[in-house]
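As a plain string of letters, each chain reads:
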Amino acid sequence: MFANSRTIASAQTGAHEHLAARVARHLAEPFRKPIGAPSARAMEQALQAWQRAGGAPLILDAGCGVGESTLRLATAHPGHFVIGVDQSEKRLTAGKDWWGEAMPPNFTWARADLVDVWRILQADAIAVARHYVLYPNPWPKIGHLGRRWQGHAVFPALAACGDYLECRSNWGIYIEEFAQALHLVGRQARVEPWQPAQPITPFERKYAASGHALWRCVSERARA
């Protein structure tokens, strides 16, 4: 039952025709939703943990789910500190017996709303070295553009986060849109097929085992 994930079905056959207008509107109109107090507290604690650990280059694992990607990123980048963020307390606090080895010392998890997290990092000018958005909900219906990150009002703050920014999906259109949205806010990006040597999230493992094509968008900018 593991390799049984269905491919994404959508009436949309390419990047959404309203993507450019949506991004332009979000650039022109400030996102005024107040920052949620729980998110602010969670991020304050996570950033304090980062500083206590020595303030190493920061990695943001945005939407980390059960946290496997956070652990794998922390292991792969021992000279960095990883903050894994997810809104679900159930996912973050679920047992980690599947990990099967010592926990790396250079990470923390934060239960918070990413819509708040990206704006906090932007407002406080917190430097993020690497930023991962791994297998977000694709919201594949044509009318759901505003629910995809590239169509959401928070996208300018998301796009400002990370000298290295990577988004992965098993829906090529999502990655195409994500790259186009980055171009629209002034970031260069490339789209490429993705074949992980080792899956780092449960979704990545399941999609690969189910025979899905995987894609990623990568954007890199020179540090000032």
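The preceding data block contains the structure.
Residues numbered from 1 in each chain as written. Predicted model: local features only at pLDDT ≥ 70, side-chain atom pairs only at ≥ 80, totals over all residues. Heavy atoms only, no water.

Novice: Looking at this model, I keep getting lost on the environment of leucine 27. Mind explaining?
Specialist: With respect to the secondary-structure elements, leucine 27 resides in helix 1 (residues 19–28). Each C-alpha atom, one on leucine 27 and one on leucine 184, is 9.4 Å from the other, the two residues being 157 residues apart in sequence. (Helix = DSSP H or I, 4+ residues; strand = E, 2+ residues; numbered from the N terminus.)

Novice: What is the right way to read the nonpolar core from this model?
Specialist: Generally speaking, nonpolar side chains in soluble globular proteins are found buried as a group. Leu60, Val85, Trp118, Trp149 and Phe178 are the most contacted members of the largest nonpolar core, which totals 45 residues. Among the elements of the structure, helix 1, helix 2 (37–52), strand 1 (58–62), strand 2 (81–86), helix 5 (114–123), helix 6 (155–160), strand 5 (164–169) and helix 7 (172–184) are those that each provide at least two residues to this core. At seven residues, the largest contribution of residues to this core is made by helix 7. Non-local contacts of phenylalanine 178, meaning those with residues more than four positions away in its chain, are made with Gln150, Phe155, Leu158, Leu165, Cys167 and Cys217. Of all hydrophobic cores here, the second largest spans 16 residues; its members include Ala74, Trp99, Leu134 and Tyr135. (Core = buried A, V, L, I, M, F, W, Y, C linked by side-chain atoms within 4.5 Å. Buried < 20%, exposed > 50% of the residue type's maximum accessible area, 1.4 Å probe, protein only. Contact = heavy atoms within 4.5 Å.)

Novice: What's the story with the packing of aromatic side chains in this structure? I'm lost.
Specialist: For any two aromatic rings, the description comes down to two numbers: the centre-to-centre distance and the angle of the planes. Summed over the entire model, instances satisfying the criterion amount to seven aromatic pairs. Here tryptophan 98 and tryptophan 99 contribute two aromatic rings whose centre-to-centre distance is 6.5 Å and whose plane-to-plane angle is 90 degrees, an arrangement assigned as edge-to-face. Here phenylalanine 203 and tyrosine 207 contribute two aromatic rings whose centre-to-centre distance is 5.7 Å and whose plane-to-plane angle is 20 degrees, an arrangement assigned as stacked. Within this pair, phenylalanine 203 and its partner tyrosine 207 are both found in helix 8 (residues 202–209), separated by four residues, close to a single helical turn. Taking relative accessible area as the criterion, tyrosine 207 reaches 13% and is therefore assigned buried. In this structure an aromatic cluster arises from ring pairing among Tyr135, Phe203 and Tyr207. Across the ring face of tyrosine 164, the terminal group of arginine 130 is positioned such that the distance to the ring centre comes to 4.0 Å. One residue, arginine 147, lies across the ring of tryptophan 139, its end atom 4.7 Å from the ring centre. (Phe/Tyr/Trp six-rings, centres within 6.5 Å; stacked < 30°, edge-to-face > 60°. Lys NZ or Arg CZ within 6 Å of the ring centre and 35° of its normal.)

Novice: I would appreciate a short explanation of the sheet that holds strand 4 (residues 130–134) in the present structure.
Specialist: The strands that make up a sheet are held in pairs by hydrogen bonds between backbone atoms, and each pair lies either parallel or antiparallel. The strand order across the open sheet built from seven strands is 3-2-1-4-5-7-6, with neighbouring strands paired in mixed fashion. The sheet terminates laterally at strand 3 (107–111) and strand 6 (190–193), the two strands that pair on one side only. Each neighbouring strand pair of the sheet contributes to a mean axis angle of 20 degrees, computed without reference to strand direction. Where strand 1 lies against strand 2, five bridges are found, and the strand directions are parallel. Note on strand 2: the bridge partner recorded for isoleucine 59 is valine 82. In the packing of helix 3 (residues 68–76) onto the sheet, the strands contacted are strand 1, strand 2, strand 3 and strand 4, and the crossing angle to strand 3 comes to about 155 degrees. (Pairing = 2+ DSSP bridges. Axes fitted to C-alpha atoms, helices over the stretch in contact; angles between N-to-C directions.)

Novice: So what exactly am I meant to see when it comes to the pattern of salt bridges here?
Specialist: When the charged atoms of two side chains with opposite charge come close together, those side chains can pair. Inspection of the entire model under this criterion finds 13 salt bridges. Measuring nitrogen to oxygen at the nearest pair gives 2.9 Å for the salt bridge that ties aspartate 86 to arginine 91. What makes aspartate 86 buried here is its relative accessible area of 6%. With relative accessibility at 40%, the residue arginine 91 sits in the partly exposed group. The closest approach of N and O atoms between arginine 216 and glutamate 192, which form a salt bridge, is 2.6 Å. Note that arginine 216 is positioned in strand 7 (residues 215–220) and glutamate 192 in strand 6, a separation of 24 residues in sequence. For arginine 216, a relative accessible area of 13% gives the class buried. (Salt bridge = Lys/Arg side-chain N within 4 Å of Asp/Glu carboxyl O.)

Novice: Please explain the pairing of strand 2 as it appears in this structure.
Specialist: Within a regular beta strand, the side chains point alternately toward one face of the sheet and then the other, so they alternate between its two faces. In terms of residue burial, strand 2 counts as a mostly covered element, since six of its six residues are buried. Neither face of strand 2 is exposed, since Phe81, Ile83 and Val85 on one face and Val82, Gly84 and Asp86 on the opposite face are all buried. Handedness of the strand 1-helix 3-strand 2 crossover: right-handed. Inspection of the sheet shows strand 2 paired to strand 3 by five bridges, in the parallel sense. Considered in strand 3, the bridge of valine 82 is made with phenylalanine 107. (Right-handed = clockwise from strand over helix to strand, strands pointing away.)

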